[in-house]
Amino acid sequence: MATAHQPGSVGLPIRAFANRGRASAIVGLGVELPSRIVTNHDLERMVDTTDAWITKRTGIRQRHLAEPGTATWQLATVAARAALKEAGVRPEEVDLVMVASSSPDAPFPPMACRVQEQLGANNAWAFDMLAACTGLLYELSIADAMIATGRAETILVIGAEVLSRIVDWTDRSTCVLLGDGAGAVLVRPATKGGGIRSWCLGADGRQWNLLTYGLQAETGAYAAGDAAAHFRMKGPETYKVAVECFAQMVTAVVEAAGMGVEEVDVFVPHQANSRIVEAAARRVGIPLDRIVLSIDEHANVSTATIPLALHKAARTNRLHGGDRVLLASFGAGLTWAACLMEWEGA
Ligand code: ACO
């Protein structure tokens, strides 16, 4: 078995490129958050933690948790339906449905097929994406490429999580960080001269062991309570590499679009910890008031975090036609992705 190298011992392979071909744009957004809210104070009664520690170290104040028995595909369906409704698009018009998740319901059938069935998106093909927190942006890059090459016109890009199912609720170092929810974006060819301009896509499998879940096959231990069955993280090491990765990919993707970071109007990052995003933004020179942070409301919802934050940006009137919007994500694998787009607006 390959061993993982020490974080920071080699450079991250960061590459970015400008888009060619037909541009694609986000034309609809939908989200779903379970109604049950668990605050930091509620967690104080479950593990040895405090609201002050969680808020100061992560920016998280509360998370939404699904009721036991909730399937990830069910949250995905609600978010997808909302995205279609917002865009005024019928399910039969959808060519492709993708669902990314770090907490999939089962290896198969694909959750995307359950969503397709529920929506009645009968003309679509459908599959799931496993790339941890980066899954949604990896999907978006596929959607963008499918549209650029004329192989699809209407694509549902979904991130959905029931992370409460994979968390070790006795481990204070991880259980306070995660929440449940879903987000969907509907992607179509750009029609107003905007759309996605550049991409940074990467992975570094040498650092696979920073974040893991469900490694029982490798440990050979399937006993109840087996540590490998739960989400595990080397927090401080991950923090360090995440800041470095965010800073490098943001610089690279903005340069690939022929712009400077000062031209970014709205920065919508994946949010595992508000301090990671703010440290990276400071390093590259993005003013903090251009970051859309929603981690306080729902914690880290892995693949759903970026659509949830985009939705917050939309509902708080922070997205306008012509805005240069930067999306960036980092997660287990390691995996990362960033894209720069010109927002098309309604
Ligand atoms: N409440 C109180 N104390 C805690 C808690 C808690 N919930 N968790 C840990 N501590 C304690 C530790 O035991 C330690 O105590 P000690 O000094 O007595 O040993 C102390 O707090 C400091 O612990 P650190 O882990 O060093 O704390 P740090 O400041 O690094 O913050 C955190 C931890 C928030 C997890 C941070 O490391 C982080 O955000 N890491 C990156 C997370 C990330 O990017 N994840 C990727 C995506 S997740 C995914 O892929 C699904």
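Fair warning: this is a prediction, and the values are worked out from it, not measured in the lab.

Novice: Any chance you could explain helix α11 (residues 305-315) here in plain terms?
Specialist: Given 3.6 residues per helical turn, the α-helix brings residues three or four places apart onto the same face. The element α11 is largely enclosed, with a buried count of eight among its eleven residues. For α11, every residue scored as buried is listed here: T305, I306, P307, L308, A309, L310, K312 and A313. In this fold, the buried residues of α11 make contact with β2 (24-32), α5 (135-148), β8 (181-189), β12 (266-269), α10 (295-298) and β13 (324-331).

Novice: How should the site of the ligand be read in this particular structure?
Specialist: Residues in contact with the ligand amount to 23 residues; listed here are only the nearest, T49, R57, R172, G235 and N273. Contacts to the ligand include R57, whose side-chain N or O atom sits 2.6 Å from an oxygen atom. The separation between an oxygen atom of the ligand and a polar side-chain atom of N273 is 2.7 Å. Starting from 1,000 Å² of accessible surface for the ligand in isolation, the protein chains cover 73%. Those elements giving two or more residues to the shell around the ligand turn out to be α2 (51-58), α6 (172-175), α8 (235-256) and α9 (274-284). It is α8 that provides the largest number of residues to the shell around the ligand, a total of four residues. Here the residues of the shell around the ligand are counted per class, giving twelve nonpolar, seven polar and four charged.

Novice: Would you mind showing me how to read unusual backbone geometry here?
Specialist: Negative phi characterises most residues that are not glycine, and trans characterises most peptide bonds. With an omega of 5 degrees, the peptide bond running from F108 to P109 counts as cis. With respect to the helices and strands, P109 occurs in the loop between β5 (96-100) and α4 (111-119). With an omega of -10 degrees, the peptide bond between G333 and L334 qualifies as cis. Along the chain, L334 falls in the loop between β13 and β14 (335-342). Phi is positive for S302, close to 45 degrees, though the residue is something other than glycine. As for its position among the elements, S302 is in the loop between α10 and α11. A relative accessible area of 4% means that S302 is categorised as buried.

Novice: Help me understand the packing of aromatic side chains in this model?
Specialist: For any pair of aromatic rings, the description rests on two quantities: the centre-to-centre distance and the angle between the ring planes. Applying the stated rule across the entire model yields two aromatic pairs. Aromatic side chains F246 and F330 sit 6.4 Å apart centroid to centroid with 45 degrees between the ring planes, which places their arrangement in the tilted category. Of the two residues, F246 sits in helix α8 while F330 sits in strand β13, which places them 84 residues apart along the sequence. The pair formed by F246 and F330 is uniform in burial state, with each residue classed as buried.

Novice: In this structure, what is going on with the sheet that holds β2? I would like to understand it.
Specialist: The strands making up a sheet associate through backbone hydrogen bonding, with each pair oriented either parallel or antiparallel. In space, the five strands of this open sheet follow the order β2-β8-β7-β5-β6, with mixed pairing throughout. In this open sheet, the two edge strands, each paired with only one partner strand, are β2 and β6 (125-129). For this sheet the average axis-to-axis angle between neighbouring strands, irrespective of direction, equals 15 degrees. Across seven bridges, the pairing between strand β7 (residues 155-161) and β8 is antiparallel. What sits directly across from E161, in β8, is G181. Helix α3 (residues 72-87) rests against β2, β5, β7 and β8 of the sheet, and its axis sits at about 130 degrees to β2.

Novice: I'm lost on the sheet that holds β12 in this one. Help?
Specialist: Pairing within the open sheet is mixed, and its five strands lie in the order β1-β9-β14-β13-β12. Two strands lie at the open edges of the sheet, namely β1 (16-18) and β12, each paired on one side alone. Taken pair by pair, the neighbouring strands of this sheet meet at an average axis angle of 15 degrees, ignoring direction. Of the pairings in the sheet, the one linking strand β9 (residues 195-203) to β14 comprises eight bridges and is antiparallel in character. Bridge pairing in β14 links L201 to A337. Along the sheet, α5 contacts β9, β13 and β14; its crossing angle with β9, the most-contacted strand, is approximately 130 degrees.

Rules used in this analysis
Residues numbered from 1 in each chain as written. Predicted model: local features only at pLDDT ≥ 70, side-chain atom pairs only at ≥ 80, totals over all residues. Heavy atoms only, no water. Buried < 20%, exposed > 50% of the residue type's maximum accessible area, 1.4 Å probe, protein only. Helix = DSSP H or I, 4+ residues; strand = E, 2+ residues; numbered from the N terminus. Contact = heavy atoms within 4.5 Å. Near = heavy atom within 4 Å. Polar contact = N/O pair within 3.5 Å; in protein donor to acceptor, adjacent residues only side chain to side chain. Areas by Shrake-Rupley, 256 points an atom, 1.4 Å probe, with all protein chains shown as cover. Nonpolar A, V, L, I, M, F, W, Y, C, P; charged D, E, K, R; others polar. Phe/Tyr/Trp six-rings, centres within 6.5 Å; stacked < 30°, edge-to-face > 60°. Pairing = 2+ DSSP bridges. Axes fitted to C-alpha atoms, helices over the stretch in contact; angles between N-to-C directions.

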